[in-house]
Amino acid sequence: MSDPVAPRNQTMAVAASALRAQQSRMRVIAENIANANSTAPVAGGEPYRRQVPVFQTRSIDGASGVALARVQPDQRDFRLEYEPGHPAANEEGFVLRPNVDTLVESMDMREAQRAYEANLNVIETARTMESRTLDLLKR
């Protein structure tokens, strides 16, 4: 006879791994938003470069979960703005701005929040099912 607790433990472990992954994703997105309007510390230098979380599957008690593998820089071009009086302007008067689009970051943040909430619901449902099962066994 198989262990009835094992699937529940797998479910909880997989959902918990997804919670951690989405929490990491939200942290990276928040950092991107915080630096969206920054400039290079020196004239002609590079500003903040958008960071992108990269996830990978991982085995959790025989099931597939998710984990943050790394955070890598987005290689898209920086934005150029003509501001000749700005301290970070190059010889032509252009300032390099981060390659962060706050609208995209906001949408990514909302998606991460929804995924986080969905995994919380998975954990709550698993707990409720376990509780009801125990109540039935007590009768």
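See the structure printed just above.
**Student:** Summarise the overall build of the protein chain; cite the residues concerned and give the values.
**Tutor:** If you tally the helices and strands in the protein chain, you get two helices and four strands. If you list the helices and strands of the protein chain from N to C, you get α-β-β-β-β-α. The C-alpha radius of gyration of the protein chain comes to 22 Å, more than 25% above the 14 Å expected for a compact globule of 139 residues. Principal axes of the C-alpha set define a box for the protein chain whose edges measure 80 × 25 × 20 Å. Sorting the 139 residues of the protein chain into buried and exposed places 32% on the buried side. Looking at the protein chain alone, contacts between residues at least 24 apart form 59% of all its contacts between residues at least 6 apart. A total accessible area of about 9,100 Å² is found for the protein chain, and carbon and sulfur atoms account for 53% of it. A gap of 10 Å separates the mean positions of the 17 positive and 18 negative side-chain charges of the protein chain.

**Student:** Tell me what's going on with helix α2 (residues 102–138), and back it up with residues and numbers.
**Tutor:** Across its 37 residues, α2 extends 54 Å between first and last C-alpha, which sits within 8% of the 54 Å expected from 1.5 Å per residue. Of all the positions in α2, only Glu-105, Met-109, Ala-112, Asn-119, Ile-123 and Ala-126 are classed as buried. Regarding α2, its N-cap is Asp-101, as a side-chain oxygen of that residue lies 3.0 Å from the backbone nitrogen of Leu-103 further along.

**Student:** Account for the environment of Pro-98, with residues named and values stated.
**Tutor:** Turning to its location among the elements, Pro-98 is positioned in the loop between β4 (94–97) and α2. Remark: the alpha-carbon pair of Pro-98 and Ser-38, spanning 60 residues in sequence, is separated by 6.8 Å. Look past the residues within four positions of Pro-98 in its chain and what remains in contact with it is Asn-35, Ala-36, Ser-38, Pro-47, Tyr-48, Phe-78 and Arg-79.

**Student:** Now, about a nonpolar patch on the surface: what can you tell me, with residues and values included?
**Tutor:** A grouping of Leu-80, Tyr-82 and Phe-94 is seen on the molecular surface, where their side chains present a nonpolar patch of about 330 Å² in accessible area. Its location among the elements puts Tyr-82 in strand β3 (residues 79–82). Since its relative accessible area comes to 55%, Tyr-82 is described here as exposed.

**Student:** Account for the environment of Pro-47, with residues named and values stated.
**Tutor:** Note on placement: Pro-47 falls in the loop between α1 (5–34) and β1 (51–60). What makes Pro-47 buried here is its relative accessible area of 8%. In sequence terms Pro-47 and Asn-99 are 52 residues apart; their C-alpha atoms lie 8.7 Å from each other.

**Student:** An account of the nonpolar core is needed here, citing residue identities and associated values.
**Tutor:** Where a protein is soluble and globular, its nonpolar side chains tend to be buried together. If you look at the biggest cluster of nonpolar residues, it comprises five residues: Met-12, Ala-15, Leu-19, Ile-123 and Ala-126. For this core, the secondary-structure elements that each account for two or more residues are α1 and α2. Looking at this core element by element, the count peaks at three residues for α1.

Scoring rules and cut-offs
Here the residue index of a chain counts from 1 through its sequence in written order. Totals for whole chains, interfaces and linings use every residue, but because this is a predicted model, local features are given only for residues with pLDDT of at least 70 and side-chain atom pairs only at 80 or more, for both listing and counting. By convention in this description, side-chain values take in all heavy atoms of the structure and omit both hydrogens and water. Helix numbering and strand numbering both begin at the N terminus, where a helix is a DSSP run of H or I of at least 4 residues and a strand a DSSP run of E of at least 2. The quantity called the radius of gyration is restricted to C-alpha atoms. Its globule counterpart is 2.2 Å times the number of residues to the power 0.38. The classification of residues rests on relative accessible area computed with a 1.4 Å probe and restricted to protein chains. Under 20% of the type maximum is buried, over 50% is exposed, and intermediate values are partly exposed. We call two residues contacting when some pair of their heavy atoms lies within 4.5 Å. Surface accessibility in these figures is a Shrake-Rupley result with a 1.4 Å probe; residues are shielded only by whichever protein chains are displayed. For the purpose of counting charges, residues Lys and Arg are taken to be positive, whereas Asp and Glu are taken to be negative. His and the chain ends are not included. By convention, the charge on Lys lies at NZ, on Arg at CZ, on Asp at CG and on Glu at CD. To estimate how far a helix should extend, the number of its residues minus one is multiplied by 1.5 Å. For the purposes of these results, a polar contact is taken to be a pair of N or O atoms within 3.5 Å, where, inside protein, one atom must be able to donate a hydrogen and its partner to accept one; residues adjacent in sequence count only when each atom of the pair is a side-chain atom. Residues with no salt bridge and a relative accessible area higher than 30% make up the patches, which join like charges within 9 Å and nonpolar side chains (Val, Leu, Ile, Met, Phe, Trp, Tyr) within 5 Å. We define a salt bridge as a contact between a side-chain nitrogen of Lys or Arg and a carboxyl oxygen of Asp or Glu at a distance within 4 Å. Each nonpolar core is a collection of buried residues, namely Ala, Val, Leu, Ile, Met, Phe, Trp, Tyr and Cys, held together in the definition by side-chain atoms within 4.5 Å.

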